[in-house]
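Single-letter residue listing:
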Amino acid sequence: MATAITNTAGKRVRKETAWTWSGVDKRGARVKGRGLAPDEKALKANLRRQGIIVNSASKQITLFNSGGKVKPEDIALFSRQLATMLGAGIPLVQAFEIVANGNDKPAVQKLILDVKADVEGGSSLHEALSRHPLYFDDLYVNLVEAGEQAGALENLLDKIATYKEKTEALKKKVKKALFYPAAVLVVAVIVTVILLIFVIPQFESLFKGFGADLPAFTQFVINMSRFLQDNGVFVAMVLAATFWTFFYFKKRSRAMREFLDRLSLKLPIIGPILNKAALARYARTLSTMFAAGVPLVEALESVAGATGNIVYEKAVMRMREEVATGQRLQQSMENTGLFPNMVIQMIAVGEEAGALDEMSGKVATFYEAEVDNAVDSMSSLLEPLIMAILGVLVGGLVIAMYLPIFKLGAVV
């Protein structure tokens, strides 16, 4: 049953529920579809005005019970669609209804309907969005608020959509850089463990009939196999506990996250990519916020959280304090020691020319391309290295098992 809320004028506004229906149109053809209405009676009345007689209607119960997770790319798509609808002159509430009906994910539909109900209840759009902080962060809400105040909501939503699309594309590139080598190494470890537990014991029983001492390398591998067979469950439990503890404290301890972020920036191969990604996010967020007319000091607070790295976040917050006391952004960036000279000079030009948003956008585009190229180069560089590691792990076990056979053949 649809619930009701009270708007600022004191009127009660019912939240709309999603329905699936089937019926007959003016020509007598059977039709079916989905619609939004507070109750079944209102749904039938709405469709009757369109010349459709409803035969059956049922609530989309899954809309409020399940439907997967709302992902950042869903928010980017929602922003793009809403900007397009407003650009076409469609009223905000009707635009919400169209976007919700056009989305196949129940979780996204529910989110859009909840925001729509709040707007109908008298809330401004940025207030309605701020009630869902898991999906709309401070940066998003601040940009929407700036758009509402300037009367340019359509343009701001378009900028938000572009920002979201570019930042998500950047995140995927970084994840791609980290996932490939990690996945291959995990597979290599799993194959090695399977060989040690199930294959090596077969060779061990074969070697017992040789009546001769085994090579040291072969004996080492057999001892390792025995250890895993005897203590495999204990080792698995220790590893699981270690990983759980690591992720538990990583999620809850800011000091640990800062240590890991600082360490990751210094890693060979991966470190430069993460540095460039943080610079790209910094510049892209700064460009979007400044273009929206958000004051620089206010903008830097949102920019700090968007960098994705605590080292850069703390540096940007220090910059914010310096800018608030009257220092130029270029000088405050230089004081951190994190930003390359090229970035500092481009920001300085932007400040001098009054085109900080444009220059920041160019910096972001440059570093996004740099991340893309670095990921491709890293993949090419790591492929032979990963093959070498696989060869050492798996090939080493094979050689260890065949060394006694070669020794026996030499004796014969």
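Bear in mind the structure is a predicted one, so any value in this text is a computation, not a measurement.

S.K.: Sorry if this is basic, but what is going on with the overall build of the chain here?
M.R.: Assigned secondary structure in the chain consists of 16 helices and 5 strands. Rg of the C-alpha trace for the chain: 30 Å, well past the compact-globule value of 22 Å for 412 residues, more than 25% over. With respect to the three principal axes, the spread of C-alpha positions in the chain is 95 × 65 × 35 Å. A burial count over the chain gives 41% of its 412 residues as buried. Put simply, of all contacts in the chain between residues at least 6 apart along the chain, 61% involve residues at least 24 apart. Surface summary for the chain: the accessible area is close to 22400 Å², and the carbon and sulfur share equals 60%.

S.K.: How do you make sense of helix H7 (residues 138-150) when you look at a structure like this?
M.R.: In an α-helix, one turn spans 3.6 residues, which is why side chains three or four residues apart end up on the same side. The terminal C-alpha atoms of H7, which comprises 13 residues, lie 18 Å apart, in line with the 18 Å expected from a rise of 1.5 Å per residue. Every buried residue of H7 is accounted for by Leu 139, Tyr 140, Val 141, Leu 143, Val 144, Ala 146 and Gly 147. Elements that come into contact with the buried residues of H7 comprise helix H3 (72-87), helix H6 (125-130), helix H8 (153-207), helix H11 (270-291) and helix H12 (296-306). Structurally, the start of H7 carries an N-cap: the backbone nitrogen of Tyr 140 is 2.9 Å from a side-chain oxygen of Asp 137.

S.K.: Just to check I follow, could you spell out the side chain of Asp 114 for this structure?
M.R.: In this structure, Asp 114 sits in helix H5 (residues 106-120). A distance of 2.8 Å separates the side chain of Asp 114 from the side chain of Lys 110, its partner in a polar contact.

S.K.: Help me understand the packing of aromatic side chains, please; the structure alone is not making it clear to me.
M.R.: According to the stated counting rule, one finds 9 aromatic pairs in the structure shown. Between Trp 244 and Tyr 248, the aromatic rings sit 5.0 Å apart at their centres with planes inclined by 20°, giving stacked as the arrangement. Of the two residues, Trp 244 and Tyr 248 are both situated in helix H9 (residues 216-252); the distance of 4 residues between them amounts to about one turn of the helix. What makes Trp 244 exposed here is its relative accessible area of 57%. Each residue in the set Phe 78, Phe 96, Phe 136 and Tyr 140 is aromatic and connected to the rest through ring pairs, giving one cluster.

S.K.: Got a minute to help me understand the pattern of salt bridges in this structure?
M.R.: Any two side chains of opposite charge can pair, so long as their charged atoms come close to each other. Scanning the model with the defined rule gives 16 salt bridges in all. For the salt bridge of Lys 171 with Glu 168, the shortest nitrogen-to-oxygen distance reads 3.5 Å. A residue pair is termed a helical-turn pair when its members lie 3 or 4 positions apart in one helix, as Lys 171 and Glu 168 do in helix H8 at 3 residues. Of the residues examined, Lys 171 reaches a relative accessible area of 35% and is grouped as partly exposed. For Glu 352, the salt bridge is made with Arg 328, and the minimal N-O distance between the two is 3.1 Å. Separated by 24 residues along the polypeptide, Glu 352 in helix H15 (residues 341-353) and Arg 328 in the loop between helix H13 (310-324) and helix H14 (329-336) bring together distant segments of the chain. On the accessibility criterion, Arg 328 (36% relative accessible area) is partly exposed. A network of salt bridges, in which partner residues are shared, links Arg 80, Asp 158 and Glu 165.

S.K.: Can you help me understand the environment of Pro 404 in this one?
M.R.: Mapped onto the elements of the fold, Pro 404 is located in helix H16 (residues 356-411). Distance from Pro 404 to Thr 218, taken between C-alpha atoms, is 7.6 Å for residues 186 residues apart in sequence.

S.K.: Looking at this structure, I do not really get H13. What am I missing?
M.R.: Between the first and last C-alpha of H13 there are 21 Å, a value that for 15 residues agrees with the 21 Å anticipated at 1.5 Å per step. Turning to H13, its buried residues number three or more, namely Ile 310, Val 311, Tyr 312, Ala 315, Val 316, Met 319 and Val 323. Looking at the buried positions of H13, the neighbouring elements they touch are helix H10 (254-266), H11, H12 and H14. For H13, the capping residue at the N-terminal end is Asn 309, with a side-chain oxygen 2.9 Å from the backbone nitrogen of Val 311.

S.K.: What's the story with the environment of Leu 77 in this structure? I'm lost.
M.R.: Summarising the element assignment, Leu 77 is placed in helix H3. Taking C-alpha positions, Leu 77 is 9.7 Å from Thr 162, a pair spaced 85 residues apart along the chain.

S.K.: What's the story with the packing of H8 against H9 in this structure? I'm lost.
M.R.: Two measures define how a pair of helices packs: the angle their axes make with one another and the distance between the axes. Packing of H8 against H9 leaves a shortest axis separation of 9 Å and a crossing angle of 125°. Judged on the interaxial angle alone, H9 and H8 are oblique. Regarding H8 and H9, the two cross each other, and that crossing is left-handed. Contact with H8, carried on its side by Leu 196, Ile 197, Ile 200, Pro 201, Glu 204 and Phe 207, involves Thr 218, Val 221, Ile 222, Met 224, Ser 225, Arg 226, Leu 228 and Gln 229 of H9 and no other residues of that element.

S.K.: For this particular structure, what's the right way to read the side chain of Asp 261?
M.R.: Counting through the fold element by element, Asp 261 comes out in helix H10. No salt bridge is formed by the buried Asp 261. Its closest oppositely charged neighbour is Arg 257, at 6.1 Å. For Asp 261, the residues in contact, after removing those within four places along its chain, are Asn 309, Ile 310 and Val 311.

S.K.: Honestly, the environment of Ser 123 in this entry has me stumped. Any pointers?
M.R.: With respect to the helices and strands, Ser 123 occurs in the loop between H5 and H6. Within the structure, the side chain of Ser 123 is placed 3.0 Å from the side chain of Arg 131, a separation counted as a polar contact.

S.K.: Is there a simple way to explain a nonpolar patch on the surface in this structure?
M.R.: A cluster of nonpolar side chains, contributed by Val 186, Ile 190, Ile 194, Phe 198 and Val 199, occupies part of the molecular surface with about 460 Å² of accessible area. Its location among the elements puts Ile 190 in helix H8.

Reading the values: the criteria
Residues numbered from 1 in each chain as written. Predicted model: local features only at pLDDT ≥ 70, side-chain atom pairs only at ≥ 80, totals over all residues. Heavy atoms only, no water. Helix = DSSP H or I, 4+ residues; strand = E, 2+ residues; numbered from the N terminus. Rg over C-alpha atoms; globule rule 2.2 N^0.38 Å. Buried < 20%, exposed > 50% of the residue type's maximum accessible area, 1.4 Å probe, protein only. Contact = heavy atoms within 4.5 Å. Areas by Shrake-Rupley, 256 points an atom, 1.4 Å probe, with all protein chains shown as cover. Expected span 1.5 Å × (residues − 1). Polar contact = N/O pair within 3.5 Å; in protein donor to acceptor, adjacent residues only side chain to side chain. Phe/Tyr/Trp six-rings, centres within 6.5 Å; stacked < 30°, edge-to-face > 60°. Salt bridge = Lys/Arg side-chain N within 4 Å of Asp/Glu carboxyl O. Axes fitted to C-alpha atoms, helices over the stretch in contact; angles between N-to-C directions. Parallel < 35°, antiparallel > 145°, perpendicular 65-115°, else oblique. Left-handed = near helix turned anticlockwise from the far one by under 90°. Lys, Arg positive; Asp, Glu negative; His and termini not counted. Patch = residues over 30% accessible without salt bridge, like charges linked within 9 Å, V, L, I, M, F, W, Y side chains within 5 Å.

Function cannot be read off these values alone, since they describe shape.
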